[in-house]
Amino acid sequence: MSTPCGIDTAVATLALASHRSSFTELPALVAREAARAGLPEARLFIADRQERFLREVTGEGPDAHRGGAEMRVDGTVAGLAYTKGEPVRVDRGHRCWVPVLDGTERLGVLHVANEGEPDFEAMRILASMVGLLVVDKRANSDAYARLIRTRPMSVSAEMQWSLMPPSTFANTRVTISAATEPAYDNAGDAFDYALSGDIAHLAMFDAMGHDNAAGLLANLTVGVFRNERRRGTELEAIPRAVETMLTEEFARTRFTTAVMGELNMATGDLAWVNCGHLPPVLIRGGKAHELECEPSHPLGTELGLPVTVCHEQLEPGDRLLLYTDGMIEARDAQGREFGLDRFVDFVIRHDADRLPVPETLRRLVQALMNYHHGRLDDDATVLFCEWHG
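All residue numbers refer to position in the chain's written sequence, counted from 1. With the structure being a predicted model, the display of local features is reserved for residues of pLDDT at least 70 and the display and counting of side-chain atom pairs for 80 or more, all residues being used for whole-chain, interface and lining totals. Here the side-chain values reflect all heavy atoms present in the structure, with hydrogen atoms and water set aside.

Visitor: Even after reading the chapter, I still don't get the overall build of the protein chain, so can you show me in this structure?
Guide: When helices and strands are tallied, the protein chain shows 11 helices and 17 strands. Atoms considered for the radius of gyration are the C-alpha atoms alone. The globule rule reads 2.2 Å times the number of residues to the power 0.38. By the compact-globule yardstick of 21 Å for 389 residues, the protein chain fits well, its C-alpha radius of gyration being 22 Å. Summarising its shape, the C-alpha atoms of the protein chain cover approximately 75 × 50 × 45 Å along the three principal directions. Here, residues are in contact when the closest pair of their heavy atoms is within 4.5 Å. In the protein chain, the proportion of contacts linking residues at least 24 apart, taken out of those at least 6 apart, comes to 67%. All accessible areas in this document rest on Shrake-Rupley with a 1.4 Å probe, and a residue is counted as covered only by the protein chains that are shown. When the accessible surface of the protein chain is totalled, it reaches about 16900 Å², and 49% of it is carbon and sulfur. Under the DSSP-based scheme used, a helix requires at least four consecutive residues in state H or I and a strand at least two consecutive residues in state E, with every element numbered from the N terminus.

This is the structure:
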């Protein structure tokens, strides 16, 4: 029987072994090195696209899930570790579920046993390395793409998920998180964010239509936005650049509404432009109001309206919501809209419960789906940004 080697050695060996390994080889690598560190029975579970299930990665079959277990996020101990972002003990502490994260993006959970008193620090270190390896290996793995799907995905949704950044990012100055539905049929909604020095770039787009052309339109819109942003183009000039490209390709037959903003993370100054989109919502001290800004026209319509850059000074703890109309226009059986007030109140109440931001948005999307009988008629996307000061 081998002697436990310590978590540091196990993680280092795991990192080195991963250089010439694929996603499907991770379960065996992780189990081997975890056992060497005194953490046997290591099993990796990844959340599906809608964060309803945790599916075990076995490395077998076209989805790397053959022969593996599957459990719901809601109502299970593993799901509790996933939603809370903290290790959860079972069986008097001899087995634990540990969240697997990429920074603050939730990926899944790791099941480990412990030969003695639980060493949560060792478990977290192991789970952190596993998270890094999952992210490193998933980009070129069709097995991963199949694993996180519970049903077929449309071509437009395939494009959208390849386009958008990770759903969550956080550092000491800002937390950004986003969610979108329908996960398997999204056509024209897209969010984007990126950091550059002290600036956090934020954007929400809603491309016209619910077909593959809407997906192409959204991809082109985001592509031009990123290209101009990375060239150093001023915020005020970006809408014109996007519109020029959309007009060339779609000849004013298609358009995209958008909010594009820049948050100075050092000062809290928020600058944004509105191109025919719903205004952002600012939540401060448990109260919310829309940030008004003279809108320009939707991108691609060439109506000639001026672009106005508006500013708002944020206070520490302020939360900003960018969203598309699908978030508030879902209707119940009596035809009543979900509505802006219900949408904002949901975020405020769950934030007051100190839930992790991604969990608040997961529950928001589920509430929206339940309100509209489990299926949406329009894409619904929300981006949450909190400035910590």
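Visitor: Explain the environment of Val 112 to me, please; I cannot follow it from the model alone.
Guide: If you trace the backbone, Val 112 turns up in strand 6 (residues 105-113). The buried category is assigned to Val 112, whose relative accessible area is 1%. Discounting residues that sit within four places of it in the chain, Val 112 has contacts with Leu 39, Pro 40, Glu 41, Ala 42, His 94, Arg 95, Cys 96, Val 98, Met 123 and Leu 126. When a residue's accessible area, from a 1.4 Å probe over protein chains only, is under 20% of the maximum for its type it is buried; when over 50% it is exposed; and in between it is partly exposed.

Visitor: Honestly, empty space enclosed by the protein in this entry has me stumped. Any pointers?
Guide: If you roll a probe as big as a water molecule over the atoms, it shows you where there is empty space left. Only protein atoms enter the 1 Å grid, on which a cavity is a set of points fitting a 1.4 Å probe that cannot get out and a pocket is an open set with protein on both sides within 12 Å along at least 5 of 7 lines, lining residues being those with an atom within 4 Å of a point. Grid points are joined across faces, edges and corners, and a volume is the space filled by probe spheres set on the points. Under the defined criterion, the tally for this structure stands at one cavity of 30 Å³ or more. When contributions to the lining of the largest cavity are tallied by element, the ones reaching two or more residues are strand 11 (256-264), strand 12 (269-275) and strand 16 (319-323). Residues of the lining of the largest cavity, tallied by class, amount to seven nonpolar, one polar and no charged. Throughout, the ten residues Ala, Val, Leu, Ile, Met, Phe, Trp, Tyr, Cys and Pro are labelled nonpolar, Asp, Glu, Lys and Arg are labelled charged, and all others, Gly among them, are labelled polar.

Visitor: Explain the pattern of salt bridges here, please?
Guide: Side chains carrying opposite charge are able to pair once their charged atoms draw close together. Salt-bridge detection follows one rule: a side-chain nitrogen of Lys or Arg within 4 Å of a carboxyl oxygen of Asp or Glu. The tally for this structure, following the rule as stated, stands at 26 salt bridges. The residue Glu 359 makes a salt bridge to Arg 106 at a minimum N-O spacing of 2.9 Å. Note that Glu 359 is positioned in helix 11 (residues 357-371) and Arg 106 in strand 6, a separation of 253 residues in sequence. Residue class for Glu 359 comes out buried when judged on its relative accessible area of 0%. In this structure, Glu 337 and Arg 331 form a salt bridge, with 3.1 Å as the shortest nitrogen-oxygen distance. Residue classification places Glu 337 among the partly exposed residues on the basis of a relative accessible area of 36%. Assessed through its relative accessible area of 38%, Arg 331 is described here as partly exposed.

Visitor: Is there a simple way to explain the layout of surface pockets in this structure?
Guide: In this structure, the largest pocket spans a volume of roughly 980 Å³. What lines the largest pocket is a set of 42 residues, and nearest its centre among them are Arg 49, Glu 105, Arg 138, Ile 148 and Trp 161. Of all the secondary-structure elements, those providing two or more residues to the lining of the largest pocket are strand 1 (43-47), strand 6, helix 4 (120-138), helix 5 (142-147), helix 6 (155-163), strand 8 (174-181) and helix 11. It is helix 11 that contributes the most residues to the lining of the largest pocket, six residues altogether. Per-class residue counts for the lining of the largest pocket are 22 nonpolar, eight polar and 12 charged.

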